[in-house]
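Residue strings, one per chain:
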Amino acid sequence: MPCVTICVTIMIMKMPLVLEDDDGIRPAGRPDECFYCRQKVGTPHGEECVIPQKKVKITYTFDLEIEVPYSWGKKQIEFHRNESSWCSDNAIRDLVASSINKDRCLCDGFEAEYIEDIDSEPKRYSRSEANERDKKITEELRERCGLTNG
Ligand SMILES: [Zn+2]
């Protein structure tokens, strides 16, 4: 009888519990379970559930059309954007402007590349934490882009 070696890797992840105010509980699903993994309140989210998050580093690359002084070449443009006092927050405006000028989304010329895990401990947000995070992002965009409600 041939000798067979079976390697089994068991990943024990501490998936966070589905809480009563879990962000995975959605109006389209049942009020006592995660919409995505269907685990009940008080039990861990499933290992394939999209609600538990981890922190990763990625690189975004965008191809954008921008306007620069007519006389500038590659060297001046790259110096201005990478080494001068120009604030990279202004790139957010460039992204929006590029979308408006093309009258469509930014998908053309966009690429995301995964770099590494930063924190692979699974985390879950409550509904109020997720709403608070979204609110802060909106406020930060308003402040950094100079957007106002008026
Ligand atoms: Zn879940």
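About the thresholds
Throughout this document, residue positions are counted from 1 along each chain, in the order its sequence is written. Since the coordinates come from a predicted model, pLDDT governs what is reported: local features require at least 70, and pairs of side-chain atoms require 80 or more to be given and counted, while whole-chain, interface and lining totals use all residues. By definition, a nonpolar core groups buried Ala, Val, Leu, Ile, Met, Phe, Trp, Tyr and Cys residues that connect through C-beta atoms lying within 7 Å of each other. Residue burial here comes from a neighbour count, namely the number of other C-beta atoms, placed from the backbone, that lie within 10 Å of the residue's own C-beta, with 20 or more meaning buried, 12 or fewer meaning exposed, and in between meaning partly exposed. Placing C-beta atoms from the backbone, we regard two residues as in contact once those atoms come within 7 Å. Counting from the N terminus, the helices are DSSP H or I runs at least four residues long and the strands are E runs at least two residues long. Strand pairing is assigned whenever DSSP identifies at least 2 bridges connecting the two strands.

Novice: What is the right way to read the nonpolar core from this model?
Specialist: When a protein is soluble and globular, its nonpolar side chains tend to lie buried together. Grouped together as the largest cluster of nonpolar side chains are 5 residues: Val-18, Ile-25, Cys-34, Cys-49 and Ile-51. Every residue in contact with Cys-34, bar those within four places of it in the chain, is listed here: Val-18, Asp-22, Gly-24, Ile-25, Gln-39, His-45, Cys-49 and Ile-51.

Novice: Would you explain unusual backbone geometry in this entry?
Specialist: Most peptide bonds are trans, and most residues other than glycine sit at a negative phi. A positive phi is found at Arg-38, a non-glycine position, where the angle reads about 65°. Mapped onto the secondary structure, Arg-38 falls in the segment before strand 1 (53–62). Arg-38 sits in the partly exposed class, given 14 other C-beta atoms within 10 Å.

Novice: Sorry if this is basic, but what is going on with the environment of Ser-128 here?
Specialist: Position of Ser-128 relative to the elements: it lies in helix 3 (residues 127–145). Residue class for Ser-128 comes out exposed when judged on the 10 C-beta atoms lying within 10 Å of it.

Novice: When you look at the pairing of strand 2 (residues 110–123) in this model, what are you seeing that I'm missing?
Specialist: With 0 of its 14 residues buried, strand 2 lies for the most part at the surface. Pairing geometry for strand 1 and strand 2, over 9 bridges, is antiparallel. Residue pairing across strands places Lys-55 opposite Asp-119, the latter belonging to strand 2.

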